[in-house]
Amino acid sequence: MSHQTFTREEVAKNNTEDSLWFIIDSKVYDVTDFIDAHPGGEFVLKQVAGADATEAFYNLHRQEILQKYSSLCIGTISGETPKVIEHNPGDLSVVPYGEPTWLTPQFKSPYYKESHRKLQRAMRIFVDEEVYPVAQECEKDGKLIPQDLIDKMSKKGILHMRIGPGKHMHGVSLMDGVMKGEEFDYFHDLIVAQELVRANARGFQDGNMAGMTISLTAVLQFANNEEWKNKIAQEVFSGKKKICLAITEAFAGSDVAGIRTTAEKTPDGKHYIVNGTKKWITNGVFCDYFVTAVKTDKGLSVVLIERQEGVETEAIKTAYSPAAGTTFITFDKYGLLGLNPLSSGQTNEVDKGPSRIKMLTLHSVKVPVENLLGQENKGMHVILSNFNHERWMMVCSVNRMSRLVTEECLKWSNQRLVFGKKLTDQPTIRQKLAKMISHCEANQAWLENITYQMTLMPYSQQATHLAGPIGLLKMFATRSAHEIADEAVQIFGGRALTRTGMGATIEMFHRTYKFDAILGGAEEILGDLGVRQALKNMPKSML
Ligand code: HEM
């Protein structure tokens with residue numbers, strides 16, 4: 001920005017098409033060459049030529065637009081200081097309730113130590129500078145996450161952190177030495193999950209290695225060969241290979257026991273031959289490894305299948321961006337013929353429109369028996385073992401996104417003028433905001449309480465005591481998301497229905513919050529789980 005200063009009289013003289021200036025927040029903008037390109041049209045700009053357009057501008061745009069178009073700014077009004085607060089990478093929100101209580105200067109929290117604060121700050125800067133711009137682009141174009149960003153995350157230990165605390169963190173330096181992997185606990189885990197959500201792109205959010213967070217854990221906990229386990233873990237943590245969880249099928253969603261994909265042992269007992277299909281597999285379109293639930297002779301088993309002959313992946317069109325890489329998978333020894341065989345590393349693009357499906361068609365899915373995870377026919381234990389962490393992570397994310405939406409509503413209703421008044425002057429709008437804030441705060445407080453219990457319990461005890469509360473919390477968090485999405489649309493009106501402009505975040509949230517209400521266990525199933533677990537602990541005697 002130029003440091004030239006002008007008087008308001010000088011600006012007023014530049015009020016024609018040949019020289020069109022105006023003032024926004026004591027800064028002078030020369031939009032003469034921008035008139036034709038302005039998405040809101042030239043007419044509105046001519047109406048404020050030479051004048052102070054601050055109120056008109058903030059009634060229609062967000063602050064970031066001025067940062068993006070900063071080259072239009074030619075100086076400031078002499079003797080005046082801009083009032084609008086600009087957001088810099090790493091900054092905390094100054095909007096009330098824009099951050100959870102522990103990040104609000106006036107409040108204290110018993111849960112967070114210095115290492116949590118340091119990690120939060122480092123993650124915030126990384127997300128603002130590196131993840132956000134990529135996420136926005138991928139979300140828009142339907143592109144898959146670029147390898148370059150995966151490499152950066154790997155170097156900072158973010159891929160390690162996303163699996164949660166554990167032995168895999170030992171010896172890992174996090175965020176260029178901000179803390180040691182050994183110190184990493186579930187509150188650090190919560191921070192990583194909530195900061196990543198701020199990239200504000202729901203499809204990309206899942207495309208950003210969500211598959212790994214729910215599948216690599218099975219390899220780390222249940223691999224039957226230490227050397228093989230370390231090889232897979234090393235490949236995935238370095239970002240060279242991608243892994244996902246393949247459980248659900250057209251025939252089996254929350255009712256995992258209903259899966260129909262079969263794994264038959266070869267006569268020599270050295271391999272399984274896998275046949276079947278898997279649906280809604282997050283990241284499947286670009287993965288090298290699939291942690292797959294299969295039916296073996298006497299029950300369920302879990303095997304790691306490598307992308308190979310007979311594995312075919314096909315992107316599914318969903319309500320959110322193809323950046324998520326949601327997949328339909330076929331394990332078929334006959335496969336489909338005549339389609340382009342592509343290796344996962346060859347493309348980071350999913351076409352849009354009718355031809356956007358990329359298939360990987362190879363032949364014969366032969367899985368070495370060494371790839372069995374846990375014991376044969378005891379796969380249910382493997383599958384269930386990660387559900388709690390997955391659901392807890394989803395609560396971290398959906399609640400942070402709900403907060404972001406609430407923050408957007410607070411900002412918008414405080415700047416938008418309707419009938420000559422701010423939206424916040426209307427009691428009905430304040431009621432909506434009250435409801436949204438309360439849902440965010442209630443969920444975060446419950447989440448932190450459960451997280452604290454997690455820090456004190458080994459994983460086996462978490463399954464016994466926390467599966468129910470986590471189920472109930474996830475149900476509540478997604479019911480809250482439903483309420484928040486609904487109220488946010490009413491506050492933003494027509495702008496909540498367009499994918500660009502002021503209401504873009506609201507439109508995306510309203511279109512996609514249901515992913516969280518379904519994935520990882522549907523609301524109804526989780527509510528039921530929570531109550532059934534509580535009933536199990538009811539005293540036997542009459543009360
Ligand atoms: C440097 C100054 C300005 C820039 C860089 C700018 C840029 C933009 C951009 C990028 C949009 C697309 C919507 C969005 O992303 O939010 C937009 C929309 C719009 N702009 Fe501007 N604008 C400027 C000043 C103004 C002023 C002073 C007015 C009115 C007096 C105005 C009126 C509008 C209108 C009516 C729309 C359509 C908004 C809607 O339907 O929601 N713009 N502008």
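Going along each chain's sequence as written, the residues are numbered from 1 onward. Given that the model is predicted, a residue must reach a pLDDT of at least 70 before its local features are reported, and side-chain atom pairs must reach 80 or more before they are shown or counted; all residues, however, enter totals for whole chains, interfaces and linings. Computation of side-chain values covers all heavy atoms of the structure but excludes hydrogens and water.

As named in an unreviewed UniProt entry, the protein chain is Acyl-CoA dehydrogenase NM, taken from Venustampulla echinocandica. Note on the protein chain: under the UniProt heading Cofactor (unreviewed entry), the record states "FAD". Looking at the Sequence similarities (unreviewed entry) heading of the UniProt record, one finds this comment for the protein chain: "Belongs to the acyl-CoA dehydrogenase family." UniProt positions are given in the numbering used here, feature names are shortened, and annotations may be inferred rather than shown by experiment.

Another point: the coordination of the iron atom of the ligand. Shown as donors are all N, O and S atoms within 2.8 Å of a metal ion, widened to 3.2 Å for Na, K and Ca; because water is not in the atom set, sites may appear incomplete. Taken together, His38 (NE2) and His61 (NE2) make up the full set of protein donors to the iron atom of the ligand, lying 1.9 to 2.0 Å away. Geometry assignment treats four donors as tetrahedral when all angles are between 85 and 135 degrees, treats four as square planar and six as octahedral when opposite donors are over 155 degrees apart and all others between 65 and 115, and treats everything else as irregular. Coordination at the iron atom of the ligand is octahedral: its 6 donor atoms span angles of 85 to 178° at the metal. With a gap of 23 residues between them, histidine 38 in the loop between strand S4 (27–30) and helix H2 (42–47) and histidine 61 in the loop between helix H3 (54–58) and helix H4 (64–68) connect regions that are remote in the sequence. Starting at the N terminus, helices and strands are each numbered in turn, a helix being any DSSP run of H or I of at least four residues and a strand any DSSP run of E of at least two.

Now for empty space enclosed by the protein. Empty space among the atoms becomes visible once a probe the size of a water molecule is rolled across them. Using only the protein atoms, space was sampled on a 1 Å grid; points where a 1.4 Å probe fits but cannot get out form cavities, open sets with protein on both sides within 12 Å along at least five of seven lines form pockets, and lining residues are those with an atom within 4 Å of a point. Grid points are joined across faces, edges and corners, and a volume is the space filled by probe spheres set on the points. Tallying each qualifying case throughout the model produces 3 cavities of 30 Å³ or more. What the second largest cavity holds in volume is close to 90 Å³. Forming the walls of the second largest cavity are 14 residues, and the residues nearest its centre are Ile214, Leu245, Ile247, Val382 and Ile383. Where the lining of the second largest cavity is concerned, the elements lending two or more residues are helix H10 (210–222), strand S11 (289–296), helix H12 (379–385) and helix H13 (387–415). Across the lining of the second largest cavity, the residue classes break down as 10 nonpolar, 3 polar and 1 charged. The domain limits used here are those given by an automatic or database domain assignment. Each of domain 3 (241–384) and domain 4 (386–536) accounts for three or more of the residues forming the lining of the second largest cavity. Classes in brief: Ala, Val, Leu, Ile, Met, Phe, Trp, Tyr, Cys and Pro nonpolar; Asp, Glu, Lys and Arg charged; the others, Gly included, polar.

The next subject is the confidence of the model for the protein chain. Residues with a pLDDT of 70 or more make up 93% of the protein chain, whose mean pLDDT is 89. The pLDDT value tells you how sure the predictor is about a given residue, anywhere from 0 up to 100. Residues are treated as being in contact if the distance between any of their heavy atoms lies within 4.5 Å. In the model, residues 334–363 has pLDDT below 50 throughout and makes 67 contacts with residues more than four positions away in sequence or in other chains.

Now for the nonpolar core. To qualify as a nonpolar core, a set must consist of buried Ala, Val, Leu, Ile, Met, Phe, Trp, Tyr and Cys residues joined through side-chain atoms within 4.5 Å. Relative accessibility decides the category of a residue: with a 1.4 Å probe and only protein chains considered, values under 20% of the type maximum give buried, values over 50% give exposed, and everything between is partly exposed. Judged by nonpolar contacts, the single largest core of 109 residues is most densely connected at Met161, Val219, Ile243 and Trp392. Ranked by the residues each element gives to this core, the list is headed by H13, at 12 residues. In this structure isoleucine 243 touches Gly211, Met212, Ser215, Leu216, Val219, Ile232, Val236, Cys287, Tyr289, Val291 and Leu304, once residues within four positions along its chain are discounted. With 17 residues, the next largest nonpolar core counts Cys244, Tyr272, Val294 and Val311 among its residues.

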